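Here are the chains, one letter per residue:
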Amino acid sequence: MNRLTFCLALFGISLVWLCSVISAGVIPLAKEDAGELQIAKQDDLDPPVVKFDQGKEIEKHDQEKLSDEKGGEDDGGGGAGEGDDKEGDDDEKDEEKEEGDEEGEGKEEGEEEEEEEESSLYESMDPEKERDGKLRFEAEPPKHWDGVRLERNGNINGDIEQELFLGPDHDEFESIPEEVGKEKLMEVFKLVDLDGDARLTMDELIEWITLKTKEHFQEAVQSSKTVFPKVDTDGDGKLTWDEYTLQFLKQRGYSKKKIEKFKEGKQVLQEHDEEDNAIYRDRWETADENEDNALDSEEFISFMHPEHSERMLNIVVDEILHELDQNGDKRLTLTEFVSVPISREEDLAKMEKEDEWIRGRKEEFETRIDVNHDGVADLHELKAYMDPRNKQHAESEARHLMGVADDNQDGMLSPQEVLGNYFVFIGSKVYNYARNVHDEF
């Protein structure tokens, strides 16, 4: 009897326990948790994207859902005490997060107010952009001088023949098929051939090259006049150095805050930016002909394209000397021009035999720069060499083209001879590859 009573009591207790478990939802919760955890894992792999009004997109997990699931597990398996502790920790974290968000919002509001105060100053200075993000204009002087034999960095202009023969349109020939290029070259041939006898003489070449040089100048003038009103932000017809410096630094990628710090003397520029800024400052002061501490539209042309201004040629020469003059004596020797250290001048003859680039630089120096052949290029010779309007350049280039393309040596160029030397006249990346690579090195 006692044994039967004990068994019935045990069965009753088990039944009560089972009912309480089912009513509490513990068993379904385990299945539900498993399913939801699987969904959470899928969410980890492919999180939803939340779009904001500003157009930015960020990835965000459903943290509240995961937090509820975690809390359910704690309540079911860890007891009420652990669940309460977890909720308390979450509340503290939420409060800390809210405080941090408030501080962040306050900081952002302060920064926005500061930017709003400066917006009128900077909005008008933003460079206009094409759809592909490229600037429509350059406030910085070009580093390449069209129609000039030497680059600003001291390298020989590898496209000088094409620039002088084809003028401002020379770039178009590199992007068209050779068959089309030859047709266009024959159209140019007819323009050069003034007497229409299907032969190009030295005089016709010289006159044509002189005309193309003038076109480079006209293009430079037009480009500068287009840029000027865009950098003259107050529209008073005068461009101050502060106005220009602001645009220069913006194009170099400096933020508004860094530019303001630079103006206050608290921001140091990158080394190459500092160097260019100093060079442009010297050029600016020379271009300011009336010394009113501002440039008008005509003076701005001299600043942007000093190679086309008689008064600015000294600045052009100074910038070349800055790159090549090793001992600072304002002259260039052959050793300096070929960029060989003065200490290794005795090795120049050996280097010349082994290096085609050095031979080319030596020929340029001896035939075009050192006119009196005394082994040194002084300021007068360098100024004449860098002046694209110097008639000697047109004559020299005409002789060069004639010497290269006049296959039958009759002193004239026929259509067949010009087409046979197609890449000499229109340029080719392959044709100039070795020279360009060495110059970059």
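For the structure itself, consult the block above.
Please read all numbers here as calculations on a predicted model, not as lab measurements. (Residues numbered from 1 in each chain as written. Predicted model: local features only at pLDDT ≥ 70, side-chain atom pairs only at ≥ 80, totals over all residues. Heavy atoms only, no water.)

Enquirer: How would you summarise the pattern of salt bridges if you had to cite specific residues and measurements?
Expert: Summed over the entire model, instances satisfying the criterion amount to 24 salt bridges. The partner of Arg 149 in a salt bridge is Glu 397, and the shortest N-O contact between them spans 3.1 Å. Of this pair, Arg 149 sits in the loop between α3 (63-123) and α4 (160-166) while Glu 397 sits in helix α16 (residues 391-405), and the two are 248 residues apart along the sequence. The pair Arg 149 / Glu 397 is uniform in exposure class, with both members buried. Close ionic contact of Asp 387 with Arg 389 constitutes a salt bridge, the shortest N to O distance being 3.2 Å. Given the relative accessible area of 11%, Asp 387 is considered buried. Using a relative accessible area of 40% as the deciding quantity, one classes Arg 389 as partly exposed. Sharing partners across several salt bridges, the network here consists of Glu 140, Lys 143, Arg 252, Asp 273 and Asp 276. (Salt bridge = Lys/Arg side-chain N within 4 Å of Asp/Glu carboxyl O. Helix = DSSP H or I, 4+ residues; strand = E, 2+ residues; numbered from the N terminus. Buried < 20%, exposed > 50% of the residue type's maximum accessible area, 1.4 Å probe, protein only.)

Enquirer: Residues and numbers for the packing of helix α9 (residues 271-287) against helix α11 (residues 313-324), please.
Expert: Direction vectors running N to C along α9 and α11 enclose 160°, while the axes themselves pass 10 Å from each other. In terms of axis orientation, α9 runs roughly antiparallel to α11. Seen along the crossing, α9 lies across α11 with a hand that is right-handed. From α9, Glu 275, Ile 279, Asp 282, Arg 283 and Thr 286 reach across to α11, where they touch Ile 315, Glu 319 and His 322. (Axes fitted to C-alpha atoms, helices over the stretch in contact; angles between N-to-C directions. Parallel < 35°, antiparallel > 145°, perpendicular 65-115°, else oblique. Left-handed = near helix turned anticlockwise from the far one by under 90°. Contact = heavy atoms within 4.5 Å.)

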